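Analysis of the macromolecular model
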Amino acid sequence: MEKINMELERERAESKRRNALARAQAKKEKSEQLFALRKEIETRKESLLAEIEEKKKDETLSEEERKNQIQILRKEAKKLSPYFRREKKNINTQCRFQSRNRHFLSALDAFLSRPPMWVVNLVTVLIFLGIFLYFGIGSGLFSPSSGSSTNLSLFFHGLFVPDYDLFFGTGNYDFMQSVLYLCLQTFGIAFVGTLFSAILSLPFGFFASKKLFGRWSYISMVLLIVIRTIPEIVFCFVMVRITGFGPITGVVVLSIQSIGMIGKMYSDNLDSIDMTFLEALDAAGASPLSKIRLGVLPQVFPNFISTILYRFDLNLRTASILGLVGAGELGRLILTYSANANWPQLGALIWGLLVMVLLVDFCSTKIRKHLV
């Protein structure tokens, strides 16, 4: 062990020596390049001044021609200062790079030449602290009013002491008003919307596959892009005017909006299939539907199910957000209770939403593991 420590100390000292040599070499090259640059600038400036004096004494030129040529030479002389600053900056950058990024002889040499970790950690903490302070001061986070601090304390009190009657539908609430029922309703909106979109996305996904339909796939790809560009909230605002307030609006919005992502992921999975199975079925004279059923679906079915589960997780969260604009009771009540400062009721809704999302995420993760 002592021998290993001695060898490590020797390598560390040698690495420091090589780092010092690299810095010295970089500084030497920097001074030489700066000297050559200054010499070049001075020579060029003297040449331009001499040309200007010659033009002033040249009587073969007219007065207008003499002024134009002298003006051009003076413009070139003015460009020398920005050129010098730009080249000097490049030389300094190159010197810093060479002094810090020399040729390492081994992995141990590179490891010993790394900057101290406390410096890296300190710089990282200072950067994040600066970003936090910048946005915190800009948003007024560090100058809260007395009312906001009171509301914050009441919110946390309601979060940790929620209205259990509202949660279970007891006391002054019936089951149709309970958090359990609202979570089931939100679950149903996400489930039905995801199911419809998974079915409707099949033709879009197949027609968007380059491997199956070639250049004709761009038509379906453009349609999927158009669907994905419309945010759910914006589309929900429009659908509320058509289908009215209620869960049906959430189902319609999720069914249409999910097509964009599910169809895109369908097409990506179809583009990764092995075409040898389709070639064998084609040689056997199988029909197009048989080739899809026997040669395509067995390869992509697990990925399709995983895509649907992933989108269902997203739709479950989106369904609660869509309620804020009238496409579900859970989101509407969250907005109402927060606006009216009913903190215990709001805490019950938040806990119900949290438990529902965690349970669904746990179950979908287990199902995806069995699909692999």
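Residues numbered from 1 in each chain as written. Predicted model: local features only at pLDDT ≥ 70, side-chain atom pairs only at ≥ 80, totals over all residues. Heavy atoms only, no water.

Looking at the overall build of the chain
How we decide: Here a strand is any run of E in DSSP of at least two residues, a helix any run of H or I of at least four, and the numbering for each starts at the N terminus. Type-normalised accessible area, obtained with a 1.4 Å probe on protein chains alone, sets the label of each residue: buried when under 20%, exposed when over 50%, and partly exposed for intermediate values. Note on definitions: a residue-residue contact is assigned when non-hydrogen atoms from the two residues lie within 4.5 Å. Per-residue and other accessible areas were derived by the Shrake-Rupley procedure at a 1.4 Å probe size, with only the shown protein chains allowed to occlude residues.
When its secondary structure is counted, the chain shows 16 helices and zero strands. Counting all 372 residues of the chain, 31% fall into the buried class. Taking contacts inside the chain between residues at least 6 apart in sequence as the whole, the part at least 24 apart equals 71%. When the accessible surface of the chain is totalled, it reaches about 24000 Å², and 66% of it is carbon and sulfur.

Considerations on helix H14 (residues 288–322)
Using the following cut-off: Each residue after the first adds 1.5 Å to the expected span of a helix. Two axes enter the bend calculation: one fitted to the seven residues ending at the residue in question, the other to the seven starting there, and the bend is the angle between them.
The terminal C-alpha atoms of H14 lie 40 Å apart, and with 35 residues this falls more than 12% below the ideal 51 Å at 1.5 Å per residue. The largest bend in H14 is about 60 degrees, located at Leu297, with the proline Pro298 one to four residues further on.

Quick notes on the packing of aromatic side chains
In plain terms, the rule: Pairing of aromatic side chains here covers Phe, Tyr and the six-membered ring of Trp, requires ring centres within 6.5 Å, and sorts the geometry by plane angle: under 30 degrees stacked, over 60 edge-to-face, intermediate tilted.
In this structure the tally under the stated criterion is nine aromatic pairs. Relative to Phe168, the ring of Phe167 lies with its centre 4.9 Å away and its plane at 70 degrees, an arrangement referred to as edge-to-face. Here the aromatic rings of Phe175 and Tyr181 are separated by 6.0 Å at their centres, their planes lie at 70 degrees, and the arrangement is edge-to-face. Overall, the relative accessible area of 43% leaves Phe175 in the partly exposed class. Classification of Tyr181 by relative accessible area gives partly exposed; the value is 24%. Here the aromatic residues Phe155, Phe156 and Trp343 are joined through ring pairs into a cluster of three or more.

Details of the side chain of Ser255
Convention followed: Whenever two N or O atoms come within 3.5 Å, that pair is a polar contact, provided that in protein one can donate a hydrogen and the other can accept it, and provided that, for residues adjacent in sequence, both atoms are side-chain atoms.
Within the secondary structure, Ser255 sits in helix H12 (residues 247–270). Relative accessible area serves as the criterion here: at 6%, Ser255 is assigned to the buried category. Within polar-contact distance, the side chain of Ser255 engages the backbone oxygen of Val251 at 2.6 Å. Excluding residues within four positions of it along the chain, Ser255 makes contact with Val192, Gly193, Phe196 and Ser197.

Section: the packing of helix H15 (residues 329–339) against helix H16 (residues 343–371)
Put simply, the test is: Structural elements are reduced to axes, namely lines fitted to C-alpha atoms, with helices fitted over the stretch in contact, and the angle between N-to-C directions of any two is expressed from 0 to 180 degrees. Our angle categories are set so that under 35 degrees counts as roughly parallel, over 145 as roughly antiparallel, 65 to 115 as roughly perpendicular, and the remainder as oblique. Put simply, a crossing is left-handed when the front helix is turned counterclockwise from the back one by less than a right angle, and right-handed when it is turned clockwise. Under the scheme applied here, ten amino acids are nonpolar (Ala, Val, Leu, Ile, Met, Phe, Trp, Tyr, Cys and Pro), four are charged (Asp, Glu, Lys and Arg), and all others, including Gly, are polar.
Running from amino to carboxyl end, H15 crosses H16 at an angle of 150 degrees, the nearest separation of the two axes being 9 Å. Considering their axes alone, H15 and H16 lie roughly antiparallel with respect to each other. As for how H15 packs across H16, the hand of that crossing is left-handed. For the pair H15 and H16, the contacting residues are Leu330, Leu333, Ile334, Tyr337 and Ser338 in the first and Trp343, Gln345, Leu346, Leu349 and Leu353 in the second. Per-class residue counts for the contact of H15 with H16 are eight nonpolar, two polar and no charged.

Concerning the confidence of the model for the chain
Note the following rule: Each residue carries a pLDDT score, the predictor's own confidence in it, on a scale running from 0 to 100.
Scored by pLDDT, the chain comes out at a mean of 82, with 87% of its residues at no less than 70. Within the chain, no element has a lower average pLDDT than helix H4 (residues 107–112), which sits at 59, and none a higher one than helix H8 (residues 179–207), at 93.

Quick look at the environment of Phe167
Counting through the fold element by element, Phe167 comes out in helix H7 (residues 164–168). When the C-alpha atoms of Phe167 and Tyr181 are compared, they prove to be 9.0 Å apart, with 14 residues separating the residues in sequence.

Thoughts on the packing of helix H13 (residues 275–283) against H14
Close contact between H13 and H14 brings their axes to 9 Å; oriented N to C, the two are set at 160 degrees. By the criterion of interaxial angle, the relationship of H13 to H14 is roughly antiparallel. Here H13 runs over H14; the crossing is right-handed. Judged by residue contacts, Phe277, Leu278, Leu281 and Asp282 of H13 engage Ser290, Lys291, Leu294, Gly295, Val296 and Gln299 from H14.

Focus: a nonpolar patch on the surface
What counts, and what does not: Like-charged residues within 9 Å of one another, or nonpolar side chains (Val, Leu, Ile, Met, Phe, Trp, Tyr) within 5 Å, are grouped into patches, provided each residue has over 30% relative accessible area and no salt bridge. Any Lys or Arg side-chain nitrogen located within 4 Å of an Asp or Glu carboxyl oxygen qualifies as a salt bridge.
A cluster of nonpolar side chains, namely Leu152, Phe156, Phe160, Val161, Trp351, Leu354, Val355, Leu358 and Leu359, defines an oily patch on the protein surface of about 860 Å² accessible area. Counting residues per element, the ones that place at least two in the nonpolar patch are helix H6 (146–160) and H16. It is H16 that contributes the most residues to the nonpolar patch, five residues altogether. Following the sequence through the fold, Val355 ends up in helix H16. Val355 sits in the partly exposed class, given a relative accessible area of 40%.

Remarks on the pattern of salt bridges
According to the stated counting rule, one finds six salt bridges in the structure shown. Here Arg44 and Glu76 are joined by a salt bridge, their closest N and O atoms 3.1 Å apart. Here the residue Arg44 occupies a position in helix H1 (residues 2–57), and Glu76 occupies one in helix H2 (residues 63–78), the gap between them amounting to 32 residues. Given a relative accessible area of 37%, Arg44 falls into the partly exposed group. Put simply, Arg368 and Asp313 hold a salt bridge, and the shortest N to O gap is 3.8 Å. With Arg368 in helix H16 and Asp313 in helix H14, this residue pair connects regions lying 55 residues apart in the sequence. Taking relative accessible area as the criterion, Asp313 reaches 5% and is therefore assigned buried.

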